[in-house]
Amino acid sequence: MINFSESTWLVGQAQPHGEASSDPAHAVVEHAAEAHASGGLPQLDVSTWPGQLFWLAVTFTLLYLMMWKVVLPRIRNAIEERRDRIADDLDAAADLKQKADDSSAEYERLLSDARAKAHALALGNRAEVDKAMAAEAAQADLEIAKRQDAAETRIADMRTKALANVETIAVDATRAIIVQLTGTELDDKSIQSAVSDGR
Amino acid sequence: MALLETDPMHQFVVQPVLELPTLFGIDLTITNSALFMILTTLVTSFGLILLTGRGAMVPTRSQSIAEILYGFVADMVRSIMGEEGRAVFPYVFTLFIFILVANLLGMLPGSYTVTSQLVVTLALGLTSIALVVITGFIKNGFGFLKLFAPAGLPPVMYILIVPIEFISFLSRPFSLAIRLFANMMAGHTLLKLFGGFVLSLSSLGAIGIAGAVLPMAVATAVTALELVIAFLQAYVFAVLTCIYLNDALHPSH
């Protein structure tokens, strides 16, 4: 019999209050006083214990089953899934980084190869160009020398021709001068020898 | 009635809420105490299920709360018992969350504090110790009894040590129970007491209302303190259970 209403404690605690008698639970005063005498605290009223124990057993067991079978696995799954996912993602990221590193190394290698090739090519080209230039220069030199020779020959020709002309002119001039001065016509031979001597 | 309401002990009285028949000698009537046990279980179960949601990869704010609670208890169990604690983790978590939610529900005005009932805390303490004894015998057989006889003492000392260890072991469920019960009862009595001061003083008129400011401030401060204690006592109960369970796993100290 648990009919431990609020009047119980009141009666046990504060008997002098007159208004308690108007309470419908007045009938349980004797029981309440007894319960109070056994403890002093409402918690020590042993008559409420079996019911509380029963409901505690029911609710705590239910709660345990709910936590064990439903709630904790849910939370654990969420946490583990996330942990796995993060680990996977980290692995994938490491893979990708490795790949990127490989690509970068490959790129570096290709670049240095290309550079070396370009260098070699440049060296080869220069030698060829130099050879070609030297050949052309030699050709040009040859041509120049040929033309110079030709020019020199022509100059020598012209010079002898000019010199010959000078003698004729000198002879003509001498004759004309003698004619003017003396009125005598000398033959070409003597004039020529004179001009030649005078020279 | 005003006097009734200011009686600080009145809040602990167990009263029927829904009368049910007596079965096998047990009165199944749902009392205010039973009602709040049921509420504790319902609030905790559905609260945690709602909080976890659909278990998103990126946790929502509410999911984080559930995961922090889980991680908090899991770390506690692991740090005390190591990987062996896995088996008792659901029990320790249930114990922790039940006490925590019961304590916090008890903080709501007009509610009932299940953990202020000695029979409840005693039952929880005895359950924990029963689990300790069962675990001890399952894991170590009669080697569990080495718990009462620490190794490396001169033989004469055992005459003294064994009874002391035995009594200290027997006192464990009671220390668990009375610590929680006394903390919750003292806190709520204090709250009611200062709340009662405020009520009685403020019914005396203007001077009374002015005088009620101080007890009101104290009641507010005690409320904050009680919220801390609500968490702390749940934690202490769970930690001690873990320590006792670890003793059962490794009885030879």
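Nothing here was measured: the structure is a model prediction, and the numbers come from that model.

(A) How the structure looks around the overall build of chain B. Within chain B, the secondary structure is distributed over 8 helices and 4 strands. Along the chain direction, N to C, the helices and strands of chain B fall in the order α-β-β-β-β-α-α-α-α-α-α-α. The buried share among the 253 residues of chain B stands at 48%.

(B) View of the overall build of chain A. Secondary structure assignment for chain A yields 4 helices and 0 strands. Along its sequence from the N terminus, chain A presents helices and strands in the succession α-α-α-α. Residue burial in chain A is summarised as follows: out of 199 residues, 20% are buried. As presented, chain A carries roughly 14,400 Å² of accessible surface, and 60% of it is formed by carbon and sulfur atoms.

(C) Structural view of the layout of surface pockets. Here the largest pocket is characterised by a volume of approximately 610 Å³. Lining the largest pocket we find 23 residues, and of these Gln11, Pro109, Gly110, Ser111 and Lys192 of chain B sit closest to its centre. At the level of elements, helix 1 (2-6), helix 2 (32-52) and helix 6 (155-202) of chain B are the ones that each hand at least two residues to the lining of the largest pocket. Here the element with the most residues in the lining of the largest pocket is helix 6 of chain B; it accounts for 6 residues. Grouping the amino acids of the lining of the largest pocket by side-chain chemistry returns 8 nonpolar, 13 polar and 2 charged. Within this model, the second largest pocket holds a volume of roughly 410 Å³. Around the second largest pocket, the lining comprises 18 residues; the ones closest to its centre are Arg76 of chain A together with Tyr70, Ala74, Arg78 and Arg86 of chain B.

(D) Geometry of the packing of helix 3 (residues 61-81) of chain B against helix 8 (residues 213-249) of chain B. Residues and elements named next belong to chain B. Interhelical geometry of helix 3 versus helix 8 gives an angle of 30° and a closest axis separation of 9 Å. As for the relative orientation of helix 3 and helix 8, their crossing is right-handed in sense. On helix 8, the residues that touch Phe72, Met76, Val77, Ile80 and Met81 of helix 3 are Phe231, Tyr235, Ala238, Val239, Cys242, Ile243, Leu245, Asn246 and Leu249. Looking at the contact of helix 3 with helix 8 residue by residue, the classes come out as 13 nonpolar, 1 polar and no charged.

(E) Structural context of the confidence of the model for chain A. All names here are of chain A. Chain-level pLDDT for chain A is 79 on average; 79% of the residues reach the 70-or-more range. Averaged pLDDT values over the elements of chain A bottom out at 40 in helix 1 (residues 6-13) and peak at 91 in helix 3 (residues 49-182). Within the model, the stretch residues 1-39 combines pLDDT values under 50 with 49 contacts to residues more than four positions away or in other chains.

(F) Spatial organisation of the side chain of Gln52 of chain A. With respect to the helices and strands, the residue Gln52 of chain A is situated in helix 3. Residue Gln52 of chain A is classed as buried on the basis of its relative accessible area, which comes to 1%. The residues contacting Gln52 of chain A, other than those within four sequence positions of it, are Val14, Ser33, Met37, Gln117, Val119 and Val120 of chain B.

(G) How the structure looks around the UniProt feature "transmembrane region" (unreviewed entry) in chain B. Residue and element names in this part refer to chain B. Those places that UniProt annotates as "transmembrane region" (unreviewed entry) correspond, in this numbering, to residues 30-52, 87-106, 118-138, 193-218 and 224-245. Taken end to end, residues 193-218 is 85% helix and 0% strand, and its two terminal C-alpha atoms sit 10 Å from one another. As a span, residues 224-245 carries 100% helix and 0% strand, and end to end its C-alpha atoms are 32 Å apart.

(H) Inspection of the interface of chain A and chain B at higher detail. On the side of chain B, 54 residues touch chain A, which itself brings 39 residues to the contact. Taken over both partners, the interface formed by chain A and chain B buries close to 4,500 Å², and the fraction arising from carbon and sulfur atoms is 74%. Summed over the shared surface of chain A and chain B, the number is 1 salt bridge. The closest approach of N and O atoms between Arg82 of chain A and Glu67 of chain B, which form a salt bridge, is 2.9 Å. There are 7 residue pairs in polar contact (both at pLDDT 80 or more) connecting chain A and chain B.

(I) Representation of the packing of aromatic side chains within the structure. Taken as a whole and judged by the stated rule, the model has 17 aromatic pairs over all chains. Between Phe144 of chain B and Phe169 of chain B the ring centres are 6.4 Å apart and the planes differ by 75°, which places this aromatic pair in the edge-to-face class. Placement of the pair is Phe144 of chain B in the loop between helix 5 (118-140) and helix 6 and Phe169 of chain B in helix 6, with a sequence separation of 25 residues. For the pair shown, Phe144 of chain B and Phe169 of chain B are each scored as buried. Ring geometry for Phe231 of chain B versus Tyr235 of chain B: centroids 6.4 Å apart, planes at 5°, classification stacked. Of this pair, Phe231 of chain B and Tyr235 of chain B both sit in helix 8, 4 residues apart, which is roughly one turn of that helix. Given a relative accessible area of 34%, Phe231 of chain B falls into the partly exposed group. Accessibility expressed as a relative area gives 31% for Tyr235 of chain B, which makes it partly exposed. A cation sits over an aromatic face here: Lys69 of chain A above Trp68 of chain A, 3.9 Å from the ring centre.

(J) Geometry of the environment of Leu95 of chain B. Residue and element names in this part refer to chain B. By the secondary structure assignment, Leu95 is in helix 4 (residues 89-106). Look at Leu95 and you get buried, because its relative accessible area is 0%. In this structure, the C-alpha to C-alpha distance between Leu95 and Ser128, residues 33 residues apart in sequence, is 8.9 Å.

(K) Up close: the pattern of salt bridges. Using the criterion set out here, one finds 11 salt bridges over all chains in the structure. The salt bridge partner of Asp101 of chain A is Lys97 of chain A, with a shortest N-O separation of 3.3 Å. With Asp101 of chain A and Lys97 of chain A both in helix 3 and 4 residues apart, the pair spans about one turn of that helix. Close ionic contact of Glu143 of chain A with Arg147 of chain A constitutes a salt bridge, the shortest N to O distance being 3.8 Å. Separated by 4 residues within a single helix, Glu143 of chain A and Arg147 of chain A lie in helix 3, roughly one turn from each other. Overall, the relative accessible area of 38% leaves Glu143 of chain A in the partly exposed class. Connected through shared salt-bridge partners, Asp75, Arg78, Glu83 and Arg86 of chain B make up one network.

Cut-offs applied
The residue numbering used here restarts from 1 in each chain and proceeds along that chain's sequence as written. Labels follow written order: the first chain is A, the first ligand is 1, and so on. Since the coordinates come from a predicted model, pLDDT governs what is reported: local features require at least 70, and pairs of side-chain atoms require 80 or more to be given and counted, while whole-chain, interface and lining totals use all residues. Side-chain figures throughout are based on the complete set of non-hydrogen atoms in the structure, without hydrogens or water. Numbering of helices and strands runs from the N terminus; a helix is a DSSP stretch of H or I covering at least four residues, while a strand is a stretch of E covering at least two. Exposed residues in this analysis have more than 50% of their type's maximum accessible area, buried residues have under 20%, and partly exposed residues fall in between, with area computed by a 1.4 Å probe over protein chains only. The Shrake-Rupley method, run with a 1.4 Å probe sphere, supplies the accessible areas, and residue values consider only the shown protein chains as cover. Within this scheme a cavity is a closed region of a 1 Å grid, computed over the protein atoms alone, that accommodates a 1.4 Å probe without allowing it to escape, whereas a pocket is open but has protein on both sides within 12 Å along at least five of seven lines; lining residues each have an atom within 4 Å of a point. Grid points are joined across faces, edges and corners, and a volume is the space filled by probe spheres set on the points. Gly is placed with the polar residues, together with every amino acid not listed as nonpolar (Ala, Val, Leu, Ile, Met, Phe, Trp, Tyr, Cys and Pro) or charged (Asp, Glu, Lys and Arg). Axis lines are fitted to C-alpha atoms, over the contacting stretch for helices. Their N-to-C directions set the angle, which ranges from 0 to 180 degrees. With the far helix as reference, a near helix turned anticlockwise by less than a right angle produces a left-handed crossing, and one turned clockwise produces a right-handed crossing. In what follows, a contact means two residues having at least one pair of non-hydrogen atoms within 4.5 Å. The predictor reports its confidence for every residue as pLDDT, a score running from 0 up to 100. UniProt positions are given in the numbering used here, feature names are shortened, and annotations may be inferred rather than shown by experiment. Values labelled buried area give the accessible surface lost by two parts on being combined, using a 1.4 Å probe and summing over both. A side-chain nitrogen of Lys or Arg and a carboxyl oxygen of Asp or Glu constitute a salt bridge if their distance falls within 4 Å. A 3.5 Å cut-off defines polar contacts: any pair of N or O atoms within that distance qualifies, except that in protein one atom must be a possible hydrogen donor and the other a possible acceptor, and neighbouring residues in sequence count only when both atoms are side-chain atoms. Only Phe, Tyr and Trp rings take part, Trp by its six-membered ring, and two of them pair if their centres are within 6.5 Å. Stacked means planes under 30 degrees apart, edge-to-face means over 60, and tilted covers everything else. Here, a charge over a ring means that NZ of Lys or CZ of Arg falls within 6 Å of the ring centre while also lying within 35 degrees of the ring normal.

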